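# Geometric and topological summary
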Amino acid sequence: LCPRRAPLAALIGGALFALHPSCVETSAWIAGRVSGTQVAFSLLACGAFLRHLRSGSGGWWAASAAAAALALGSKEGAVALPAAFLALEVLAGAG
């Protein structure tokens, strides 16, 4: 949302995700790989949704919906994505 601070925000978010003790199963246990898959698809969905907000393209909306469906298929934690989309829309000034 703020291009100047995007690298710093990404670094802080990545560090928190890597250091938080609840995320240890993603890298330490083979069955925890679905957490990483869900996060990857969720981030892809949010990125595509932001592109949709900027361009208004239906293709980006479809990509966002497909990535959200894949995230939900990976793990049930992705059920919060609609709330994240709403927050992104409000923060991006489109709402």
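Residues numbered from 1 in each chain as written. Predicted model: local features only at pLDDT ≥ 70, side-chain atom pairs only at ≥ 80, totals over all residues. Heavy atoms only, no water.

Another aspect to go through is the packing of aromatic side chains. Overall, the coordinates contain 1 aromatic pair when judged by the stated rule. For the ring pair phenylalanine 49 and phenylalanine 85, a centre distance of 4.6 Å and an interplane angle of 15° mean the geometry is stacked. With a gap of 36 residues between them, phenylalanine 49 in helix α3 (residues 33-55) and phenylalanine 85 in helix α5 (residues 81-91) connect regions that are remote in the sequence. Neither residue differs from the other here; phenylalanine 49 and phenylalanine 85 are each classed as buried. (Phe/Tyr/Trp six-rings, centres within 6.5 Å; stacked < 30°, edge-to-face > 60°. Helix = DSSP H or I, 4+ residues; strand = E, 2+ residues; numbered from the N terminus. Buried < 20%, exposed > 50% of the residue type's maximum accessible area, 1.4 Å probe, protein only.)

As for its position among the elements, alanine 78 is in the loop between α4 (58-74) and α5. You can call alanine 78 buried: its relative accessible area is 5%. With residues near it in sequence (within four places) discarded, alanine 78 still touches Gln38, Ser42, Ala71 and Leu72. (Contact = heavy atoms within 4.5 Å.)

Those residues of α5 lying buried are Leu81, Phe85 and Leu88. End-on view of α5: buried residues confined to an arc of 60°, all on one side of the axis. Looking at α5, the residues exposed on the side facing more than 90 degrees away from the buried face are Pro82, Ala83, Leu86, Val90 and Leu91. One or two steps after α5, the chain reaches glycine 93, where phi turns positive at roughly 85°. (Arc of directions from axis to C-beta.)

Our focus in this paragraph is the side chain of histidine 52. Looking at the secondary structure, you find histidine 52 in helix α3. A residue is classified by how much of its surface remains accessible, and histidine 52, at 19% relative accessible area, is buried. Looking at histidine 52, its side chain comes within polar contact range of the main-chain oxygen of serine 57, at 2.9 Å. If sequence neighbours within four positions are ignored, histidine 52 has contacts with Ser57, Trp60 and Trp61. (Polar contact = N/O pair within 3.5 Å; in protein donor to acceptor, adjacent residues only side chain to side chain.)

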